[in-house]
Each structure stands twice: as structure tokens, then as C-alpha cells.
Amino acid sequence: MKNGLFIVVDGIDGSGKSEVIKLLHNYLFSKHKKYRILTTREPTNGVYGNRIREILRKEKVPTSNSKKLLELFVKDRQEHLKNTLEPFLKSSNEHELNIVLCDRYYYSTIAFQSAQGLSTEELISKNKAFRKPDIAFILDVEPSIALKRIEYRKKEKFEQLEFMEKIRGNFLKLPKLLDDNIKIIDASKSLDKVFESAKKEVDKMLV
Ligand code: TYD
């Protein structure tokens, strides 16, 4: 695997992405000494990512500012790929296998910004030049369960039941819309079970 391994975990807020990513990170780190792992997220902590976070913190209406957000998410992704993901994946060689674990990617743009009212075709086309992950996990869970899981934290712009139902529906349509290696995982199950399903798929890619 000369070009590294690019893994994405995506899904609605409260689907358990970060927990699954942590478990995958630990698992891969101990699995083989030749694996180097970069765990990262979008939006990033760069200039564009921070502007996004500011908008998400301040605004309450889920559908507002869709165009501006789309532009920022795409710019943030461009920077992330150019400065972080591509150089890391490229530096993989016969002694070291570089693995990226990325929390959210263009699947979020398609699911969220289309729920904001932008056209799915436009969203796909704005993201089609970006590197395809080798595998993408979409953690699928009912929004009412997801909201329960995150009830302790302050709700952001997109964390409202009806809006999350739309986003969930959009995530579930992705395998039909994209020619990507997408695995939908039932994330209403226990964290152990969700992790086991993801691990099994990752192991298949590492043989
Ligand atoms: P953040 O709190 O950073 O992420 P998380 O909820 O995963 O911890 O907020 C990111 C929010 O932005 C989240 O609600 C998903 C949304 N989002 C988009 O609308 N479009 C995108 O392209 C991305 C990457 C995220």
C-alpha cells in the first residue's frame, strides 16, 4: 500500500464518530510497528475551520448561511489535503504505512449543506476533485438517540431533531450517489459492536 491508507468516519452529531476513531487509532497503533497514524478532523483548526466554528457557535437557524459555509468547508478541505493529508499519505514507503483517520470529510458537506437547501449535484461537483478515501464509514443512528447522547453539551446550529432527520436521510443516500467505498454501520448498537464492524473492514484492507 504505497500511497498510505485514508480512512474516514462520518455521520450525524452524536453518532459516536470520535469514540470509534479513538478505538481504531489505539487498535492500529498496537497492531503493527510499521503503522504511522494521523488522527485528524474537519472542520480543521486552520483559518477557515475557525471561521466555520464561529458561525456554528453564533447562529441558531440551521438553514442560514449555506453558501458561505459551503465555501468555507471546501477551502478548509483544500488546505487540509494540501498541507496535512496528502504529504502524510505520500510519505508512506515500504518500511512505514501511513494511515489517516479523519473525523468527517466531504460526506458531511453533501449531507449537511444539502439539508441546508443547496443542490446535491452542486455539492458533489464542488468536492469531486478531492482525494477519495480508501474506505468511509457512515455511522447511522436515529437522531433522537444521537441527541440523547449529546444532551449534556450546548446545542449547535445543526443539532435539532428535524434537521438531523434530513441529514441522516442524506447520509443514507450517499452510497447510491457516489462511487466511493462507503460502509454504513448501525451505530445504535453498543460502541464495542460498532468498533468491531469497522475493525473487520479495516483489517480486510490491511492484508
Ligand atoms: P464540530 O463541533 O467541529 O464537529 P463535531 O460535531 O463532529 O464534533 O462541528 C462541525 C459541524 O459542522 C457539525 O455539525 C457538522 C458540520 N459540517 C458541515 O455542515 N459540513 C461539512 O463539510 C463538515 C466537515 C461539517
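The sections below set out a description of the structure shown in this document. Remember, predicted model here, so these are calculated numbers, not experimental data. (Residues numbered from 1 in each chain as written. Predicted model: local features only at pLDDT ≥ 70, side-chain atom pairs only at ≥ 80, totals over all residues. Heavy atoms only, no water.)

**Some thoughts on the site of the ligand**
Piece 1. Lining the immediate surroundings of the ligand are 16 residues, of which Asp13, Lys17, Arg104, Thr109 and Gln113 lie closest.
Piece 2. At a separation of 2.9 Å, an oxygen atom of the ligand approaches a polar side-chain atom of lysine 17.
Piece 3. At a separation of 2.8 Å, a nitrogen atom of the ligand approaches a polar side-chain atom of glutamine 113.
Piece 4. Computed on the free molecule, the ligand has an accessible area of 540 Å², of which 89% lies beneath the protein chains in the complex.
Piece 5. Of all the secondary-structure elements, those providing two or more residues to the shell around the ligand are α2 (47-58), α3 (66-90) and α4 (106-115).
Piece 6. Here the shell around the ligand gets 4 residues from one element, more than from any other, and that element is α4.
Piece 7. The residue makeup of the shell around the ligand, split by class, is 5 nonpolar, 3 polar and 8 charged. (Near = heavy atom within 4 Å. Polar contact = N/O pair within 3.5 Å; in protein donor to acceptor, adjacent residues only side chain to side chain. Areas by Shrake-Rupley, 256 points an atom, 1.4 Å probe, with all protein chains shown as cover. Helix = DSSP H or I, 4+ residues; strand = E, 2+ residues; numbered from the N terminus. Nonpolar A, V, L, I, M, F, W, Y, C, P; charged D, E, K, R; others polar.)

**A closer look at the pattern of salt bridges**
Piece 1. Applying the stated criterion across every chain yields a total of 18 salt bridges.
Piece 2. Notably, a salt bridge pairs lysine 22 with glutamate 19, separated by 3.2 Å at the nearest N-O pair. Of the two residues, lysine 22 and glutamate 19 both sit in helix α1 (residues 17-31), 3 residues apart, roughly one turn of that helix.
Piece 3. Classification of lysine 22 as partly exposed rests on a relative accessible area of 48%. (Salt bridge = Lys/Arg side-chain N within 4 Å of Asp/Glu carboxyl O. Buried < 20%, exposed > 50% of the residue type's maximum accessible area, 1.4 Å probe, protein only.)

**Details of the packing of aromatic side chains**
Piece 1. Under the criterion given, the structure shown has 8 aromatic pairs.
Piece 2. Arranged with centres 4.8 Å apart and planes meeting at 55 degrees, the rings of tyrosine 106 and tyrosine 107 form a pair that is tilted. The exposure classification of tyrosine 106 matches that of tyrosine 107, with both residues buried.
Piece 3. Grouped by ring-pair contacts, the aromatic residues Phe6, Tyr105, Tyr106 and Tyr107 constitute a single cluster.
Piece 4. Over the face of the ring belonging to tyrosine 105 we find arginine 77, whose NZ or CZ atom lies 5.6 Å from the ring centre. (Phe/Tyr/Trp six-rings, centres within 6.5 Å; stacked < 30°, edge-to-face > 60°. Lys NZ or Arg CZ within 6 Å of the ring centre and 35° of its normal.)

So, to be careful, I would describe these as geometric facts and stop short of saying anything about function.
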